[in-house]
Amino acid sequence: MCSGNESNGTTTPVLSENPADYGDNLKILDCNDQVKELQTIIRDKNTTRSDFKFYADRLIRLVIEESLNQLPYSDCSVVTPTGAIYDGLRYRSGNCGVSIIRSGEAMEQGLRDCCRSIRIGKILVESDAETHAAKVVYARFPDDIARRQVLLMYPIMATGNTVIQAVNVLKDHGVKESSIILSNLFCTPIAARMVVTAFPDLKILTSELNPVAPNHFGQKYFGTD
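None of these values were measured; they are calculated from a predicted model.

S.K.: Which residues make up the packing of helix H1 (residues 33-43) against helix H2 (residues 49-68), and what values go with them?
M.R.: Between two packed helices, both the angle of their axes relative to each other and the distance between the axes serve to describe the pair. Relative to each other, H1 and H2 sit at 140°, their axes nearing to 9 Å. The angle between H1 and H2 places the two elements in the oblique class. Note that H1 runs across H2; the crossing there is left-handed. In this structure, H1 uses Gln34, Val35, Leu38, Gln39, Ile41 and Ile42 to contact H2, whose residues at the interface are Phe52, Tyr55, Ala56, Arg58, Leu59 and Leu62. Among the residues forming the contact of H1 with H2, the class breakdown is nine nonpolar, two polar and one charged.

S.K.: Explain the pairing of strand E3 (residues 85-91) to me, using residue names and the numbers behind them.
M.R.: Where strand E2 (residues 73-79) meets E3, seven bridges bridge the pair, whose relative direction is antiparallel. Residue cysteine 76 lies in a different strand from E3, and its bridge partner there is glycine 88. Here E2 hands over to E3 after five residues, with glycine 83 in that stretch at a positive phi of 90°.

S.K.: How would you summarise the pairing of strand E5 (residues 119-127) if you had to cite specific residues and measurements?
M.R.: Sheet analysis places strand E4 (residues 95-101) next to E5, joined by six bridges and oriented parallel. The residue bridging isoleucine 101 from the neighbouring strand is leucine 124, located in E5.

S.K.: Describe the sheet that holds E5, with residues and values.
M.R.: With respect to topology, seven strands assemble into an open sheet ordered E1-E11-E9-E7-E4-E5-E6, the strand pairing being mixed. The open sheet is flanked by strand E1 (26-28) and strand E6 (134-140), the only strands paired with a single partner. Looking at each pair of strands side by side, their axes are set apart by 25° on average, direction ignored. Of the pairings in the sheet, the one linking E4 to strand E7 (residues 149-153) comprises five bridges and is parallel in character. By the bridge assignment, valine 98 is partnered in E7 with leucine 152. Against the sheet, H2 touches E7, strand E9 (180-183) and strand E11 (203-206), its axis set at about 165° to E9.

Thresholds applied
Numbering of residues starts from 1 in every chain and runs along the sequence as written. At least 70 in pLDDT is required for a residue's local features to be given in this predicted model, at least 80 for side-chain atom pairs to be given and counted, and no such filter applies to totals for whole chains, interfaces and linings, which use all residues. Here the side-chain values reflect all heavy atoms present in the structure, with hydrogen atoms and water set aside. All axes are obtained by fitting lines to C-alpha atoms, using only the stretch in contact for helices, and the reported angles, taken between N-to-C directions, cover 0 to 180 degrees. Helical segments are the DSSP runs of H or I of at least four residues, strand segments are the runs of E of at least two, and each set is numbered from the N terminus. Oblique is the label for any angle not under 35 degrees, not over 145, and not in the 65 to 115 range, which are roughly parallel, roughly antiparallel and roughly perpendicular in turn. Put simply, a crossing is left-handed when the front helix is turned counterclockwise from the back one by less than a right angle, and right-handed when it is turned clockwise. Residue contacts are defined here by distance: any two heavy atoms, one from each residue, within 4.5 Å place the two residues in contact. We call Asp, Glu, Lys and Arg charged. Ala, Val, Leu, Ile, Met, Phe, Trp, Tyr, Cys and Pro are nonpolar, and the rest, Gly among them, are polar. In this analysis, strands are considered paired if DSSP registers two or more bridges between them.

Here is the structure:
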């Protein structure tokens, strides 16, 4: 697991950064020097927007590909050009992506690059200006989403509130909790605890658990900072 040492100088509740403390459904991308470099570039305030987007896309691709490994496969056999039979695997039918607007849309191309014809739905969650409570204001999914495996895309999970609202909407549309995989780049321990407590059957794939999330991600990626 990649672990960082970033501090924002504030006092926050101390929670474990060990993924094993959050159950079997929280998985961390295997850490290596490449992953750590990508995380470092994304967190560096001096990174230009063009570099930020390029390296963010690289990390997104790694997370998406590992998320796809969590989807169910079926055995299959194909005939090779030499006439031999090859016993392999293929995705079971019925996968789709759902991005949480807006930052989640940064992950859509990475998913399309891996699954060229996959359908993608969208959810917009906004926070009330006075109460700061998260609420869903827009959702659009494939009509048969209740029968699909869903990759829910949201790069930065600081509190877990937005994801919890999005998952509740998916469940209201008939999606099984166990059929949802959250694809995430950076997650705080507080958010991890909230989400795994609320949805113990939900799978989470992230690249890092760190108390300080790079909340500038969406603005930097889309050039609105």
